[in-house]
Amino acid sequence: MLDPMLDTTPSVPHSPQVSHPDTTAVGPAIEQRRKLVTELPGPRSLELAARRSAAVAAGVTSVMPIFAARAGGGIVVDVDGNSLIDFGSGIAVTTVGNSAPDVVARVQQQVEEFTHTCFTVTGYEGYVAVCEELNRLTPGDHEKRSALFNSGAEAVENAVKIARRATGRDAVVVFDHAYHGRTNLTMAMTAKNMPYKDGFGPFAGEVYRAPMSYPFRDPEGMTGAEAAARAIAVIESQVGVQNLACVVIEPIQGEGGFVVPAPGFLSALADWCTRNVVVLIADEIQTGFARTGDLFACDFEGVVPDLITTAKGIAGGLPLSGVTGRAELMDSVHGGGLGGTYAGNPVACAAALGAIATIESQNLVAAAGRIGEQILAVLTDLATKHPQIGDVRGRGGMVAIEIVTPGTRTPDPVETARISAACHRAGLITLTCGTFGNVLRLLPPLVIDDDLLADGLAVLSDAIAGRQ
Ligand SMILES: Cc1ncc(COP(=O)(O)O)c(C=O)c1O
């Protein structure tokens, strides 16, 4: 039987008064309004779940129990006709929204022209054009080169390969709470064991971990410069500069808990890398392409990394990633040393050109700033009323709350899961993260409209207060 709370229109608490068609979508517009017409999951999703458990490996799980039918703007419509607000963007991917018109048009045209030649067999313009865009947009006005790959992890692996080849050294430094992917090298670089690494070893060698600047958990008042000095002391004593190829860092950590380092941490680390001729690799796979209210999170402190890895928001949902960096480093690799069958696929490149054009024409950098202000205002207010919110942090469209036992800094993953489940039941897609599983993160598409964002935040407020 249907829960009357969930039935028809307007059916859920905090339905916004105004509902907008999604003008960013191609095809019939998706109404930008949360609407539940069944319990979640509905009957069609349940049928698909049964097929899924018989066909799909158990290790591949999904946060939400629903199956998607369409998506656009800030809405995901499931196979039962429920419209859910998307505060996850497919883990920070659909920055320009799902099926953004410029992405769709360019992809359609490219699919009709050709789908694959393999860039290492026959070049094509789209690949070159994406590299030109990456060289133009990433921090620093030095001469750059780019290379394209399929996934974020693949980009990180290749950035490390390039740094090792350029320096002739082996060691790689990463940080506590880091997430860099699920391939063998990137599992070694990722901090959290469960679920990413457990039972999957042995891992690649020559990967060393340094302490991250984590203001909520560091000694009170520790500055960015002090946190950098702490990390550098570990690197110098436990690795040795003469062995070190690269330092790899997320300017704001993603899966590790949206950890925003104290001001000055990143720039002190960058200065040390420059002085010691160590390659600084910024992993901007989650933070890049307008997500944080700058085009890249490094821009915030004016840090110019030697290499930068990008993926996720780069191509509106198609699989593409890149490594961009100083020409002399990138060009130190022998011919044929970089590549892959699908790396820089022409359809994904066409999508990237559409996504980049959309980010620029719709000024999604500014949109991220506005979204961040709206979210932070609500969350900061909630933190004054609900002592389980230990910390509110983030920038632009990348904001999180850390949930703790009230009055302590002890992580509370159970309460985090409760809040998240309440959001899901009410039709709001939210994700959790953090080394301790106690961070609730918000990553809405940057084309989400204000009313929908406000409705999503109202659902979250109710969930935190235990009203749903
Ligand atoms: C900072 C960062 N690096 C690397 C990755 C790995 O990307 P992918 O899942 O595309 O391999 C992710 C994915 O979440 C990420 O957030």
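Residues numbered from 1 in each chain as written. Predicted model: local features only at pLDDT ≥ 70, side-chain atom pairs only at ≥ 80, totals over all residues. Heavy atoms only, no water.

As a further point, take the side chain of Asp-86. Along the chain, the position of Asp-86 falls in strand 5 (residues 83–86). No salt bridge is formed by the buried Asp-86; the nearest opposite charge belongs to Arg-291, separated by 8.3 Å. In this structure the side chain of Asp-86 is engaged in a polar contact, spanning 2.9 Å, whose partner is the backbone nitrogen of Gly-88. Polar side-chain contacts of Asp-86 include one of 2.9 Å to the backbone nitrogen of Ser-89. In contact with Asp-86, not counting residues within four places along its chain, are Gly-74, Val-76, Thr-94, Ile-429, Pro-444 and Pro-445. (Helix = DSSP H or I, 4+ residues; strand = E, 2+ residues; numbered from the N terminus. Buried < 20%, exposed > 50% of the residue type's maximum accessible area, 1.4 Å probe, protein only. Lys, Arg positive; Asp, Glu negative; His and termini not counted. Salt bridge = Lys/Arg side-chain N within 4 Å of Asp/Glu carboxyl O. Polar contact = N/O pair within 3.5 Å; in protein donor to acceptor, adjacent residues only side chain to side chain. Contact = heavy atoms within 4.5 Å.)

This paragraph deals with the site of the ligand. Every residue near the ligand is listed here: Ser-151, Gly-152, Ala-153, Tyr-179, His-180, Gly-181, Glu-250, Glu-255, Asp-283, Ile-285, Gln-286 and Lys-312. Tyr-179 is positioned with one of its backbone polar atoms (N or O) 3.5 Å from a nitrogen atom of the ligand. Between the ligand and the protein, one listed contact pairs an oxygen atom with a side-chain N or O atom of Lys-312 at 3.0 Å. Partitioning the shell around the ligand into residue classes produces three nonpolar, five polar and four charged. (Near = heavy atom within 4 Å. Nonpolar A, V, L, I, M, F, W, Y, C, P; charged D, E, K, R; others polar.)

To continue, consider the packing of aromatic side chains. Counting across every chain of the model gives seven aromatic pairs. Centroid distance Phe-114 to Tyr-124: 5.7 Å. Interplanar angle 65°. Geometry classified as edge-to-face. In this pair, Phe-114 sits in the loop between helix 3 (101–113) and helix 4 (125–137) while Tyr-124 sits in the loop between helix 3 and helix 4, placing the two residues ten residues apart along the sequence. Residue Tyr-124 is classed as buried on the basis of its relative accessible area of 9%. On the basis of an interplanar angle of 80° and a centroid distance of 5.3 Å, the ring pair of Phe-119 and Tyr-124 is categorised as edge-to-face. Among the aromatic residues, ring-to-ring pairing joins Phe-114, Phe-119, Tyr-124 and Tyr-127 into one connected group. Above the face of the Phe-203 ring, Lys-197 is positioned so that its terminal group lies 5.3 Å from the ring centre. (Phe/Tyr/Trp six-rings, centres within 6.5 Å; stacked < 30°, edge-to-face > 60°. Lys NZ or Arg CZ within 6 Å of the ring centre and 35° of its normal.)

Moving on to the state of the cysteines. Evaluated as defined, the whole model comprises zero disulfides. No disulfide involves Cys-273; its sulfur sits 9.1 Å from that of Cys-246, the nearest cysteine. On the accessibility criterion, Cys-273 (1% relative accessible area) is buried. (Disulfide = S-S within 2.5 Å.)

Grouped together as the largest cluster of nonpolar side chains are 119 residues, with contacts concentrated most on Phe-175 and Val-247. No other element matches helix 10 (residues 346–361), which puts nine residues into this core. Look past the residues within four positions of Val-247 in its chain and what remains in contact with it is Val-173, Phe-175, Ile-235, Leu-269, Trp-272, Cys-273, Val-278, Val-279, Leu-280 and Ile-281. Counting residues in each nonpolar core, the second largest holds ten residues, with Ile-252, Met-398, Ala-400 and Cys-433 among its members. (Core = buried A, V, L, I, M, F, W, Y, C linked by side-chain atoms within 4.5 Å.)

Another aspect to go through is the layout of surface pockets. To find leftover empty space, one rolls a probe the size of a water molecule over the atoms. Its boundaries defined by the atoms lining it, the second largest pocket holds a volume of some 330 Å³. Taken together, 19 residues make up the lining of the second largest pocket; nearest its centre are Tyr-127, Ser-146, Ala-147, Leu-338 and Gly-339. Here the element with the most residues in the lining of the second largest pocket is strand 6 (residues 144–149); it accounts for five residues. When the residues that make up the lining of the second largest pocket are grouped by side-chain class, the tally is nine nonpolar, eight polar and two charged. (1 Å grid on protein atoms, 1.4 Å probe; cavity = no way out; pocket = protein on both sides within 12 Å on 5 of 7 lines; lining within 4 Å. Points joined across faces, edges and corners; volume = space filled by probe spheres on them.)

Right, let's talk about helix 11 (residues 364–385) for a bit. Between its terminal C-alpha atoms helix 11 stretches 32 Å, which fits the 32 Å expected from 22 residues at 1.5 Å a residue. For helix 11, the elements touching its buried residues are helix 10, strand 13 (389–395), strand 14 (398–403), strand 17 (439–442) and helix 13 (450–465). (Expected span 1.5 Å × (residues − 1).)

Further remarks concern unusual backbone geometry. The amide bond that connects Met-194 to the next residue, Pro-195, takes the cis arrangement and shows omega of 10°. Position of Pro-195 among the secondary structure elements: in the loop between helix 6 (184–189) and strand 8 (207–210). Residue Pro-202 is reached from Gly-201 by a cis peptide bond, and omega for that bond is 5°. A positive phi angle is found at Cys-118, which is not glycine, with a value near 75°. Tracing the chain through its elements places Cys-118 in the loop between helix 3 and helix 4. Even without a glycine there, the phi angle at Glu-206 is positive, about 65°.

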